[in-house]
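One letter stands for each residue in the lines below.
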Amino acid sequence: MFNKQETFKLTEEKKTIIVAKQGDNPVSKMVIESLGIHLEDLNDASFSKVQSLGKIPAKWVVFINQEDLTNNKKVKSITKGLASLKEDSVVLLDSFKETTITPLFETLTKAEYRFNKFKTEDKPKTNGIAYTTTKNLDQAIHEGIVFGEAINHTRELINTPYNYLNAEKLAEYAEALNSIPNVSVKIYEKSDCESMNMGAFLGVNKGSTDAPKLIHVTYTGNSDSDEQTALVGKGVMYDTGGYSLKTPQSMPSMKMDMGGAATVLGAIEAIARLEAKANVSVVIAATDNRIGDNAVVPDDILTSAKGLTIEIVSTDAEGRLTLADALWFAQEKGATRLIDVATLTGAVVAALGDAYTGAFTNNETFLNELQQAAKEVNEDIWQLPIHDKYREELKSFSADMTNKGGRMAGASIAAAFLEKFVDNDRPWIHLDIAGSSYNSKEGATGRIVKTLAKLFV
Ligand code: BES
Ligand code: MN
Ligand code: ZN
C-alpha cells in the first residue's frame, strides 16, 4: 500500500509533499524556506494544503500538525484531508518525531479506506502514497499499518449488509485468519452446537433459513502461560427483532448488530500480527435474528448450554442469548479472563450517546487495566453499574430467569443477565458498543479495536 522511496530531493517531480508542520526540524524548515513562507503564515489547522506556486516542482505541500495525530477529534480532519489527495504524494518522515510515526501510518492507512464496493460510478480511488526516511522506522511503520488495517477490516465487516455477509460468510472470513502465525480457527456447525446443548444460541437461529456458526479463533503467543483472555463478540448478523419485531424506524442499520464480532476479529488480527506475548481467543456465536415458521415466540423457554433456563419475554433481546452460550463455551475452552463486546442495548445509546462505550465488570482491577489501554489509544469507555435491583428484574415465574427486565436501566439489566453466565471468580468485562461502533453518517467507526489490542501489545 505504501512504497518506500530511498531518497527524495525537493527538485524532484511529485504532485504533493507531506511534512510535519512543526518548524523545529531541518526537513520541514527546508520545505518552508523553499516555499518562501513562514510557519506563522499557516493557520493552526491540523491539515493544511499549500500551493507551491512554482517555487518547487511539487504542486502542493501538505502540513500535518503531528500533535493532532493522537487527538481523537482532530485526527478526523487529517484523515479526511489525506483521503482527498490525488496520486503521487510523498511523506517526508524525517520531519516527524519518531513517536508519531505509528499514529501517522495508522492514519495514512485509515485514509485509504473506502466503502465503495457497491457504488457503480464515482468510485474515489486510494492514492498510493510513498514515503522516504534516512532512519530505520520499520517497526513503528509496521505497527501503524497493522492497527490501521485491522480497523479497516472491522469497519468493512460492519458496513457490509446482510445479503453479502451472513454467519457462513463471517465464518469464512474468520477462517482466513489461519494464515497468521500461531493462529488457529475452528468453526462449529449447527449439529456441533446441538451436541453442546446451546439452546439459547440455537433458539435465536430458529427463524432463520441460514445456518448458525460458532467461530473459535485462538492465538497462542505465550505457550509458557496458562492465562488466556477470551474476546467474545456479539455476532447477530441482522437483527429484525424476531416476533417482537422492530419498527420501520429502528430496523435500518441493524446490519451493524455483528459489530462486537467484527471488533474482536479486528483486535485478534492486530494482536497476532504484532506477535503479542499473550494467549488470546475469540468466540462468536453467529446468526441472524428474524421471524420464520419455526422462530421462537415470547413465552418460549430455552435451555442454555450452562443448563440455566430462560423465559423469552422479548425475542428482540436476542444478543444476550447468543452471548450466554458463547461465554459458556469460552470458559469451557479455558479462558481465565473474559471480555465480551456487543451492540447490546438501545439503552446504552440513550445513556451515553456515541461518545462512550459502556463498560460493566465483576473485577475493578481488570477494568482499570482496560481503561489504561483505552487511555493510551485515546478511546473513551465509561463504567456503568450492576446492582441487585437490576438482577431482580430478571426473575421469572416459569424459568430460572427472563431475558428482559423493565423499561428502566436496560443496559445494566442486560449486563446482569450476562453476569449469570460468568463463573464467580473469573474476571469479566462487558462492553456495550451499541452507540460507539456505528452511526449513519460515517458508517462503522472501528472503535475499541485498538483498546483491546493495546491490552496485549
Ligand atoms: N441490537 C439491539 C440493540 C441496539 C439498539 C443496537 C440500537 C444498536 C442500536 C438489541 O438486540 C436489542 O434489540 N435490544 C433491546 C433489548 C430490549 C428488548 C430488552 C433494546 O435495546 O431495545
Ligand atoms: Mn434485538
Ligand atoms: Zn441485537
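Predicted model only: the values in this text are computed from it and were never measured.

(A) Here's a closer look at the overall build of the protein chain. When you go through the protein chain residue by residue, the secondary structure sums to 14 helices and 19 strands. Relative to a compact globule of 457 residues, whose C-alpha radius of gyration would be 23 Å, the protein chain shows 24 Å and is just as compact. The dimensions of the protein chain, computed from C-alpha atoms along their principal axes, are 80 × 50 × 40 Å. The buried share among the 457 residues of the protein chain stands at 58%. Taking all contacts inside the protein chain whose residues are at least 6 apart in sequence as the whole, residues at least 24 apart take part in 77%. Put simply, the protein chain shows about 19900 Å² of open surface, and 48% of that area lies on carbon and sulfur atoms. Positive and negative side-chain charges of the protein chain, numbering 50 and 61 respectively, have mean locations separated by a distance of 5 Å.

(B) Focus on the coordination of the zinc ion (ligand 3). Protein coordination at the zinc ion (ligand 3): the donors are Lys234 (NZ), Asp239 (OD), Asp257 (OD) and Glu318 (OE), at 2.0 to 2.4 Å from the metal. Around the zinc ion (ligand 3) sit 6 donor atoms; with metal-centred angles ranging over 77 to 175°, the donor geometry is octahedral. Counting residues between consecutive donors of the zinc ion (ligand 3) along the chain gives the motif K-x4-D-x17-D-x60-E.

(C) Up close: the pairing of strand β5 (residues 89–92). The side-chain alternation of β5 yields two buried faces, one formed by Ser89 and Val91 and the other by Val90 and Leu92. Pairing of strand β2 (residues 16–20) with β5 involves 3 bridges; the strand directions are parallel. Residue pairing in the sheet places Thr16 in a bridge with Ser89 of β5. Judged from the 3 bridges that link them, β5 and strand β6 (residues 130–132) form a sheet pairing that is parallel. Bridge pairing links Leu92 to Thr132 in β6.

(D) Representation of the site of ligand 1 within the structure. Looking at ligand 1, there are 16 residues lining it, with Lys246, Asp257, Asp316, Glu318 and Gly346 nearest. Separating a nitrogen atom of ligand 1 from a backbone N or O atom of Thr343 is a distance of 3.4 Å. If you map ligand 1 onto the pockets, it falls in the second largest pocket.

(E) Region of the structure containing a positive patch on the surface. A cluster of basic residues, Lys15, Lys49, Lys59 and Lys86, forms a positive patch on the protein surface. Relative to the assigned elements, Lys49 resides in strand β3 (residues 47–51).

(F) The sheet that holds strand β11 (residues 301–303), seen in detail. The strand order across the open sheet formed by 3 strands is β11-β12-β16, and the pairing between neighbours is mixed. With partners counted over all chains shown, the strands left at the sheet margins are β11 and β16 (401–402), one partner each. Two strands pair when backbone bridges link them, and β11 and strand β12 (residues 309–311) are joined in this way by 3 bridges, in the antiparallel orientation. From the neighbouring strand, Thr303 faces β12, where its bridge partner is Thr309.

(G) Structural detail: the domain arrangement of the protein chain. We note that the domain assignment places domain 1 (2–135) and domain 2 (161–454) within the protein chain. On a C-alpha basis, the centroid separation for the pair domain 1 and domain 2 is 39 Å. At the junction of the two partners, domain 1 supplies 5 residues and domain 2 supplies 7 residues. Together, the buried faces of domain 1 and domain 2 total about 500 Å²; carbon and sulfur atoms form 46% of this surface. Here domain 1 is connected to domain 2 by 2 salt bridges. At the boundary of domain 1 and domain 2, one finds 3 residue pairs in polar contact (both at pLDDT 80 or more). Here the side of domain 1 that touches domain 2 is built from residues that sort into 1 nonpolar, 2 polar and 2 charged.

(H) Spatial organisation of the coordination of the manganese ion (ligand 2). Donor atoms from the polypeptide that bind the manganese ion (ligand 2) are Asp239 (OD), Asp316 (O), Asp316 (OD) and Glu318 (OE), placed at 2.1 to 2.2 Å. Bound by 6 donor atoms, the manganese ion (ligand 2) shows angles of 72 to 168° at the metal and therefore irregular coordination geometry. Written as a sequence motif, the donor arrangement for the manganese ion (ligand 2) is D-x76-D-x1-E.

(I) How the structure looks around the pairing of strand β13 (residues 337–342). For β13, the tally of buried residues reaches 6 of 6 residues, placing the bulk of the element in the interior. On β13, burial covers both faces: Arg337, Ile339 and Val341 on one face and Leu338, Asp340 and Ala342 on the other are all buried. Judged from the 5 bridges that link them, strand β9 (residues 229–239) and β13 form a sheet pairing that is parallel. When the bridges of β13 are listed, Thr229 appears paired with Arg337. Note: β13 against strand β17 (residues 428–432), 5 bridges, orientation parallel. If you follow Asp340 over to β17, its bridge partner there is His430.

(J) Looking closely at a nonpolar patch on the surface. Where nonpolar side chains cluster on the molecular surface, the patch consists of Tyr243, Leu245, Ile291 and Val297 and spans about 350 Å² of accessible area. Position of Leu245 among the secondary structure elements: in the loop between β9 and α8 (259–273).

(K) Examining the packing of helix α2 (residues 72–83) against helix α3 (residues 101–111) more closely. Packing of α2 against α3 brings their axes to within 8 Å, and their N-to-C directions diverge by 55°. The pairing of α2 with α3 is recorded here as oblique in orientation. In this structure, α2 crosses over α3, and the sense of that crossing is right-handed. Each of Val75, Ile78, Thr79, Leu82 and Ala83 in α2 lies in contact with α3, whose residues at this interface are Thr107, Leu108, Lys110 and Ala111. Residue composition of the contact of α2 with α3, grouped by class: 6 nonpolar, 2 polar and 1 charged.

Rules and cut-offs
- Residues numbered from 1 in each chain as written.
- Chains lettered and ligands numbered in written order.
- Predicted model: local features only at pLDDT ≥ 70, side-chain atom pairs only at ≥ 80, totals over all residues.
- Heavy atoms only, no water.
- Helix = DSSP H or I, 4+ residues; strand = E, 2+ residues; numbered from the N terminus.
- Rg over C-alpha atoms; globule rule 2.2 N^0.38 Å.
- Buried < 20%, exposed > 50% of the residue type's maximum accessible area, 1.4 Å probe, protein only.
- Contact = heavy atoms within 4.5 Å.
- Areas by Shrake-Rupley, 256 points an atom, 1.4 Å probe, with all protein chains shown as cover.
- Lys, Arg positive; Asp, Glu negative; His and termini not counted.
- Charge placed at Lys NZ, Arg CZ, Asp CG, Glu CD.
- Donors = N, O, S within 2.8 Å, 3.2 Å for Na, K, Ca; no water.
- Tetrahedral: all angles 85-135°; square planar, octahedral: opposite > 155°, others 65-115°.
- Pairing = 2+ DSSP bridges.
- Near = heavy atom within 4 Å.
- Polar contact = N/O pair within 3.5 Å; in protein donor to acceptor, adjacent residues only side chain to side chain.
- 1 Å grid on protein atoms, 1.4 Å probe; cavity = no way out; pocket = protein on both sides within 12 Å on 5 of 7 lines; lining within 4 Å.
- Sits in = over half its atoms within 2 Å of the grid points.
- Patch = residues over 30% accessible without salt bridge, like charges linked within 9 Å, V, L, I, M, F, W, Y side chains within 5 Å.
- Salt bridge = Lys/Arg side-chain N within 4 Å of Asp/Glu carboxyl O.
- Domains from an automatic or database assignment.
- Buried area = accessible area lost by both parts, 1.4 Å probe.
- Nonpolar A, V, L, I, M, F, W, Y, C, P; charged D, E, K, R; others polar.
- Axes fitted to C-alpha atoms, helices over the stretch in contact; angles between N-to-C directions.
- Parallel < 35°, antiparallel > 145°, perpendicular 65-115°, else oblique.
- Left-handed = near helix turned anticlockwise from the far one by under 90°.

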